[in-house]
Amino acid sequence: MSLRMVTHIIMTQRALLITAYRRAGNKPSKPLEDMMFDDTPYQGANGVLYKGLMAMLANRMRYMRELLGYDIFISEDLLDRPIEDFIGMTRRYLAAASAE
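Here we summarise the structure given alongside this text.

Scoring rules and cut-offs
- Residues numbered from 1 in each chain as written.
- Predicted model: local features only at pLDDT ≥ 70, side-chain atom pairs only at ≥ 80, totals over all residues.
- Heavy atoms only, no water.
- Helix = DSSP H or I, 4+ residues; strand = E, 2+ residues; numbered from the N terminus.
- Buried < 20%, exposed > 50% of the residue type's maximum accessible area, 1.4 Å probe, protein only.
- Areas by Shrake-Rupley, 256 points an atom, 1.4 Å probe, with all protein chains shown as cover.
- Lys, Arg positive; Asp, Glu negative; His and termini not counted.
- Charge placed at Lys NZ, Arg CZ, Asp CG, Glu CD.
- Patch = residues over 30% accessible without salt bridge, like charges linked within 9 Å, V, L, I, M, F, W, Y side chains within 5 Å.
- Salt bridge = Lys/Arg side-chain N within 4 Å of Asp/Glu carboxyl O.
- Axes fitted to C-alpha atoms, helices over the stretch in contact; angles between N-to-C directions.
- Parallel < 35°, antiparallel > 145°, perpendicular 65-115°, else oblique.
- Left-handed = near helix turned anticlockwise from the far one by under 90°.
- Contact = heavy atoms within 4.5 Å.
- Nonpolar A, V, L, I, M, F, W, Y, C, P; charged D, E, K, R; others polar.

Scanning the chain for helices and strands turns up four helices and two strands. Traced from its N-terminal end to its C-terminal end, the chain shows the element sequence α-α-β-β-α-α. Across its three principal axes, the chain shows a C-alpha extent of roughly 40 × 30 × 25 Å. Counting the 100 residues in the chain, one finds 25% classified as buried. Summing over all exposed atoms, the chain offers an accessible surface of approximately 7,300 Å²; the carbon and sulfur share of this is 57%. Here the chain contributes 13 positive and 12 negative side-chain charges, whose respective centroids are spaced 4 Å apart.

Spelled out as structure tokens, the structure:
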């Protein structure tokens, strides 16, 4: 993923993280400011160590999962196809990825 795309995702998900943090029933152990700018190295399940902006995105996705139950939010109006088609395509992708 390009650093430009990583930066875009981090910036567009910022408001959602703030809202999720404020509405969380049980506040996470980290302050919001630490969650927003957490660029500590992140080791993926595959053993790859991410640093810098990639680590910031990975940490942000972890916090989003903790607060909302999913890693990233994609607005329906940003899709290039009807939502039902996108869901079907995503399910096929996940099925193919788990079969490997």
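As a further point, take a negative patch on the surface. Judged by side-chain charge, Glu-76, Asp-77, Glu-84 and Asp-85 come together as a negatively charged surface patch. Given a relative accessible area of 45%, Asp-85 falls into the partly exposed group.

What follows covers the packing of helix α1 (residues 3-23) against helix α3 (residues 52-68). At a minimum axis separation of 10 Å, α1 and α3 run at an interaxial angle of 30°. Comparing their axes, α3 and α1 come out roughly parallel. Of the two possible hands of crossing, α1 and α3 adopt the one that is left-handed. Counting all contacts with α1, which are made through Leu-3, Val-6, Thr-7, Ile-9, Ile-10, Gln-13, Arg-14, Leu-16, Leu-17, Ala-20 and Tyr-21, the residues of α3 involved are Leu-53, Met-54, Met-56, Leu-57, Arg-60, Tyr-63, Met-64, Leu-67 and Leu-68. A breakdown of the residues in the contact of α1 with α3 according to their chemical character gives 16 nonpolar, two polar and two charged.

All right, on to a nonpolar patch on the surface then. Residues Leu-68, Tyr-70 and Phe-73 make up a contiguous nonpolar surface patch of about 250 Å² in total accessible area. Assessed through its relative accessible area of 31%, Tyr-70 is described here as partly exposed.

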